[in-house]
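These are the residues of each chain, in order.
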Amino acid sequence: MGKEQVNMADTSELSLSNASNEKFWPNGWWKLFDLKVGIIPLPLFVLAAALISGLCITGELPSQITTMVVVLGFFGFVCGEIGKRLPVLGKIGAAAICATFIPSALVYYHLLPTPIIESTKVFYKSTGILYLYISCIIVGSIFSMDRKTIMQGFLRIFIPMLCGEIVGAIVGTTVGTLLGLGTFNTLFFIVLPIMAGGVGEGAIPLSIGFSEIMHMEQGVAFARIIPMVMLGSLTAILTAGILNHIGKRKPHLTGEGRLMPGSEEEISSSSSANPLKGAIDVTGLASAALMALLLYMVGILGHRLVGLPAPVGMLFAAVVVKLTQAVSPQLTGNATVVYKFFQTSVTYPILFMVGVAITPWESLMAAFTIPNLIVIISTVLSLVATGFFVGKKMGMHPIEVAVVSCWQSGQGGTGDVAILTAANRMVLMPFAQIATRIGGAINVTLALVVLSHFFTF
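Conventions we followed
Residues numbered from 1 in each chain as written. Predicted model: local features only at pLDDT ≥ 70, side-chain atom pairs only at ≥ 80, totals over all residues. Heavy atoms only, no water. Helix = DSSP H or I, 4+ residues; strand = E, 2+ residues; numbered from the N terminus. Buried < 20%, exposed > 50% of the residue type's maximum accessible area, 1.4 Å probe, protein only. Contact = heavy atoms within 4.5 Å. Areas by Shrake-Rupley, 256 points an atom, 1.4 Å probe, with all protein chains shown as cover. Axes fitted to C-alpha atoms, helices over the stretch in contact; angles between N-to-C directions. Parallel < 35°, antiparallel > 145°, perpendicular 65-115°, else oblique. Nonpolar A, V, L, I, M, F, W, Y, C, P; charged D, E, K, R; others polar. Patch = residues over 30% accessible without salt bridge, like charges linked within 9 Å, V, L, I, M, F, W, Y side chains within 5 Å. Salt bridge = Lys/Arg side-chain N within 4 Å of Asp/Glu carboxyl O. pLDDT = per-residue confidence, 0-100. Phe/Tyr/Trp six-rings, centres within 6.5 Å; stacked < 30°, edge-to-face > 60°. Expected span 1.5 Å × (residues − 1). Core = buried A, V, L, I, M, F, W, Y, C linked by side-chain atoms within 4.5 Å. Polar contact = N/O pair within 3.5 Å; in protein donor to acceptor, adjacent residues only side chain to side chain.

Chemist: Explain the overall build of the chain here, please?
Modeler: Within the chain one finds 22 helices and two strands. Counting the 457 residues in the chain, one finds 51% classified as buried. Taking all contacts inside the chain whose residues are at least 6 apart in sequence as the whole, residues at least 24 apart take part in 77%. Split by element, the accessible area of the chain, about 21200 Å² in all, is 68% carbon and sulfur.

If you want it as structure tokens, here you go:
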């Protein structure tokens, strides 16, 4: 017994001696790679900062993809990490908000180097990388869903969406009228822009229609509309984060990304074929990414033939492929891996790019008046609450339905990304596209029809 104690003491002393004699290079250096900012190991993060600074100091920052991947990743994950570490707000979606609005503020106050701003804007306009992101997210999320959810959910989700829009419009307009903003102004310049589906699909068509019907400059109309779109999206992001927090506190209210109850079996069976559990098939991942792009091209062709927005056309095509089981389970699993890669690695860089390129800080601040904020918050919360209770009444998971309702006041595709990130439910992207694009298009069309037939100027 005594010898065993001596041997154990000798062993512990030897291990302590080895630990103390361990050199920094290479083992200590390698341990630094375990410290990460977002997904970026600390040594690579420091190297990226040095190289970005060097390129900005010595001249223009190239807008090619090899450079911009580093730039967007560096700043996107920094802003995301800042949001995650904010007290209270960090748990309710501040990461997505910071990744979008911090760069917007930095641009406005001239705190971001000009080469970074110019290169980011050129990269955003010339590459269309946002649609690459959305394509891989939509296709991957649809393929990761069970077929029962797709068949039932896509039809049933329209009922809480419709109820939410009606209640939101009534509540928002009533509140604005009581605050002295005027019924017409509140409905057409605050409430409808919130539910119009974003900038490209909502604010711009609305401003064009308003300019023709009311004989006003389109720029003036757009300047009045865009702040409401942005503040509505900001409110929706915060609401989505709160919903995610409620779901963690009350698990019986959420399906953790599943819209319909009773889909656990197929999800578990599909996850068992997940290629992440075995050797990763690189060619399979490439094939899955190519399939997502091909489906987006189907959406583009559909837009040219029937006028349907390309992401929505792609969504329907992906649903058909999933329901008909037209691709192998292995390719379906690889599409899910591609989706998870874009979700974890590309979201915050995309949000940073959006903040720099198309998020005007001055417009956001101009709309920060107490009456406007009250109307916007009332409208969004009415949408979400209606979706929650109607979804629960219909037998769906109320948290997920409420998150879908958040997208009805989102800032288009970019707002969907931010809301999904705050809610931690990227798998619901297909329903986001329905709520934002189809719902927004219906709202814009009805608003302009009503305005042209029942108001004279």
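Chemist: Help me understand the packing of helix H14 (residues 282-306) against helix H16 (residues 329-345) in this model?
Modeler: Helix-helix packing: each pair is described by the crossing angle between the helix axes and the interaxial distance. At their nearest, the axes of H14 and H16 sit 8 Å apart, and the two run at 80 degrees to each other. Judged on the interaxial angle alone, H16 and H14 are roughly perpendicular. Contact residues: H14 offers Gly 284, Leu 285, Ser 287, Ala 288, Ala 289 and Met 291, while H16 offers Leu 331, Asn 334, Ala 335, Val 337 and Val 338. Of the residues in the contact of H14 with H16, the class split is eight nonpolar, three polar and no charged.

Chemist: Is there a simple way to think about the side chain of His 397 in this case?
Modeler: Relative to the elements of secondary structure, His 397 occurs in the loop between helix H19 (370-393) and helix H20 (398-407). Judged by relative accessible area, which is 12%, His 397 ranks as buried.

Chemist: How should a nonpolar patch on the surface be read in this particular structure?
Modeler: There is a patch of nonpolar side chains on the surface, built from Leu 301, Leu 305, Val 306, Leu 308 and Phe 316 and spanning about 490 Å² of accessible area. It is H14 that contributes the most residues to the nonpolar patch, three residues altogether.

Chemist: What is the right way to read the confidence of the model for the chain from this model?
Modeler: Interpreting fine coordinate detail is not advised for predicted regions of low pLDDT. A residue-level look at the chain finds 83% of positions with pLDDT of 70 or above and a mean pLDDT of 81. Of all the helices and strands in the chain, helix H13 (residues 264-272) carries the lowest mean pLDDT, 41, while helix H3 (residues 42-58) carries the highest, 95. A low-confidence stretch, residues 264-278 stays under pLDDT 50, and its non-local contacts, those more than four residues away or across chains, total 14 contacts.

Chemist: Even after reading the chapter, I still don't get the packing of aromatic side chains, so can you show me in this structure?
Modeler: Working definition: an aromatic ring pair is given by the centre-to-centre distance plus the angle between the planes. Summed over all chains, the structure comprises 14 aromatic pairs. Aromatic side chains Trp 29 and Phe 33 sit 5.7 Å apart centroid to centroid with 85 degrees between the ring planes, which places their arrangement in the edge-to-face category. For the ring pair Phe 75 and Phe 352, a centre distance of 5.3 Å and an interplane angle of 10 degrees mean the geometry is stacked. Residue Phe 75 is found in helix H4 (residues 65-84), and its partner Phe 352 is found in helix H17 (residues 347-358); the two are separated by 277 residues along the sequence. Residue class for Phe 352 comes out buried when judged on its relative accessible area of 0%. Among the aromatic residues, those joined into a ring-pair cluster are Phe 24, Trp 25, Trp 29 and Phe 33.

Chemist: Would you mind showing me how to read the pattern of salt bridges here?
Modeler: Two side chains bearing opposite charge may form a pair once their charged atoms approach each other closely. In the structure shown here, the tally under the stated rule is three salt bridges. Between Glu 81 and Lys 84 there is a salt bridge, and its shortest N-O distance comes to 3.9 Å. Residue Glu 81 and its partner Lys 84 are located together in helix H4, separated by three residues, close to a single helical turn. Salt-bridge contacts for Arg 425 lead to Glu 400; the nearest nitrogen and oxygen are separated by 2.5 Å. Placement of the pair is Arg 425 in the loop between helix H21 (412-423) and helix H22 (429-454) and Glu 400 in helix H20, with a sequence separation of 25 residues. Comparing Arg 425 with Glu 400, the two get one shared label, buried. Several salt bridges share partner residues, and in doing so they unite Glu 81, Lys 84 and Arg 85 into one network.

Chemist: Is there a simple way to explain helix H10 (residues 183-194) in this structure?
Modeler: Given 3.6 residues to a turn, an α-helix orients residues that are three or four positions apart in the same direction. In a regular helix each residue adds 1.5 Å, so 12 residues correspond to 16 Å; H10 covers 15 Å between its end C-alpha atoms and thus fits that length. Looking only at H10, the buried set comprises Thr 186, Phe 188, Phe 189, Ile 190, Val 191, Leu 192, Pro 193 and Ile 194.

Chemist: What is the right way to look at helix H6 (residues 114-127) in this model?
Modeler: Compared with the 20 Å implied by 1.5 Å per residue over 14 residues, the 20 Å span of H6 between its first and last C-alpha is a close match. Within H6, burial applies to Pro 115, Ile 116, Ile 117, Ser 119, Thr 120 and Phe 123. Residues of H6 that are buried make contact with H3, H4, helix H5 (94-108), helix H7 (129-144) and H17. After H6 finishes, the residue Gly 128 shows a positive phi value of roughly 65 degrees.

Chemist: Would you mind showing me how to read the nonpolar core here?
Modeler: The nonpolar side chains of a soluble globular protein tend to be buried with one another. With 128 residues, the main nonpolar core has Tyr 133, Phe 210 and Trp 407 as its most contacted residues. Ranked by residues supplied to this core, first place goes to helix H12 (residues 218-249) with 12 residues. The contact partners of Phe 210, leaving out residues within four places of it in the chain, are Phe 188, Phe 189, His 215, Met 216, Ala 221, Ile 225, Leu 448 and Leu 451.

Chemist: What is the right way to look at the side chain of Ser 345 in this model?
Modeler: Turning to its location among the elements, Ser 345 is positioned in helix H16. Taking the relative accessible area as the measure of exposure, Ser 345 reaches 16% and is therefore buried. Separated by 3.4 Å, the side chains of Ser 345 and Thr 344 make a polar contact. Once residues lying within four places of it in the same chain are set aside, the contact partners of Ser 345 are Ile 39 and Phe 77.

Chemist: Could you clarify how one ought to interpret unusual backbone geometry in this entry?
Modeler: Leaving glycine aside, a negative phi is the common case for residues, and trans is the common case for peptide bonds. Residue Pro 26 is reached from Trp 25 by a cis peptide bond, and omega for that bond is 5 degrees. Residues other than glycine seldom take positive phi values, yet His 110 does so here, at roughly 55 degrees. Look at His 110 and you get exposed, because its relative accessible area is 70%.

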